Amino acid sequence: MTARTRPAPTGYSRLQILLHWGAAALIVQQYLFKDAMSAAWDAATKGVEIAFNPLVLAHVAGGALVLVFALWRLSIKARVGAPSMVGDSSVQRTLAKATHLGLYALMILMPLSGSMAWFGGVELAAQGHNILKIGLLALVALHVVGAVYHHFVLKDGLINRMRRAES
């Protein structure tokens, strides 16, 4: 059976949940410690030698891990599927699909643009990276608002799918 012909799982696996929360923690870390990377980028563009900074290393490694986690989750989704979208209207389900698509796209594009900027010195990639972070913040906020809405307004237990692995 392929992922298209088997019924959608009713929940996420332990690995999918760990990858979700791991990516979330890494994205938070990326925003909290971005100033060191910005300072290093400014110095590099001015031709100043950059001293080793563990926060810069954490930003580069964190971005790489976000990319790996996103691709890993997508590969699992392609193999085993994902639970059906939940919502009390087709508009909500469409918004949820678009939000998830955007999150995955940005979790892939941001590390790629950051790598092109940092390792390739591509200024346009650095500018794109800074623009994309606004979109990522907006989509993360929308994702969280959606989860809170499901939990407190719809009371449909949706959030539990990312808290407990499917048996």
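For the structure itself, consult the block above.
Residues numbered from 1 in each chain as written. Predicted model: local features only at pLDDT ≥ 70, side-chain atom pairs only at ≥ 80, totals over all residues. Heavy atoms only, no water.

Colleague: Could you clarify how one ought to interpret the packing of helix H1 (residues 14–32) against helix H5 (residues 123–154) in this entry?
Modeller: Packed helix pairs are specified by the crossing angle of their axes together with the interaxial distance, meaning the distance between the axes. Two numbers describe how H1 lies on H5: the axes approach to 12 Å, and their chain directions differ by 135 degrees. Taken together, H1 and H5 sit at an angle that is classed as oblique. Between H1 and H5 the crossing geometry is left-handed. Contact residues: His20, Ile27 and Tyr31 in H1; Lys133, Leu136, Leu137 and His143 in H5. The class makeup of the residues in the contact of H1 with H5 is 4 nonpolar, 2 polar and 1 charged. (Axes fitted to C-alpha atoms, helices over the stretch in contact; angles between N-to-C directions. Helix = DSSP H or I, 4+ residues; strand = E, 2+ residues; numbered from the N terminus. Parallel < 35°, antiparallel > 145°, perpendicular 65-115°, else oblique. Left-handed = near helix turned anticlockwise from the far one by under 90°. Contact = heavy atoms within 4.5 Å. Nonpolar A, V, L, I, M, F, W, Y, C, P; charged D, E, K, R; others polar.)

Colleague: Can you walk me through unusual backbone geometry in this structure?
Modeller: Note on backbone geometry: most residues besides glycine have negative phi, and most peptide bonds are trans. Residues other than glycine seldom take positive phi values, yet Lys155 does so here, at roughly 50 degrees. Given a relative accessible area of 65%, Lys155 falls into the exposed group. (Buried < 20%, exposed > 50% of the residue type's maximum accessible area, 1.4 Å probe, protein only.)

Colleague: Help me understand the side chain of Gln30 in this model?
Modeller: Relative to the helices and strands, Gln30 is located in helix H1. When its relative accessible area of 11% is taken as the criterion, Gln30 is described as buried. At a separation of 2.4 Å, a polar atom in the side chain of Gln30 contacts the side chain of Gln29. Excluding residues that lie within four positions of it along the chain, Gln30 makes contacts with Ala58, His59, Gly62 and Gly63. (Polar contact = N/O pair within 3.5 Å; in protein donor to acceptor, adjacent residues only side chain to side chain.)

Colleague: Explain the environment of Asn53 to me, please; I cannot follow it from the model alone.
Modeller: Mapping Asn53 onto the fold places it in the loop between helix H2 (34–45) and helix H3 (54–80). For Asn53, a relative accessible area of 28% corresponds to the partly exposed category. Sequence spacing of Asn53 and His150 is 97 residues, and the spatial spacing of their C-alpha atoms is 41 Å.

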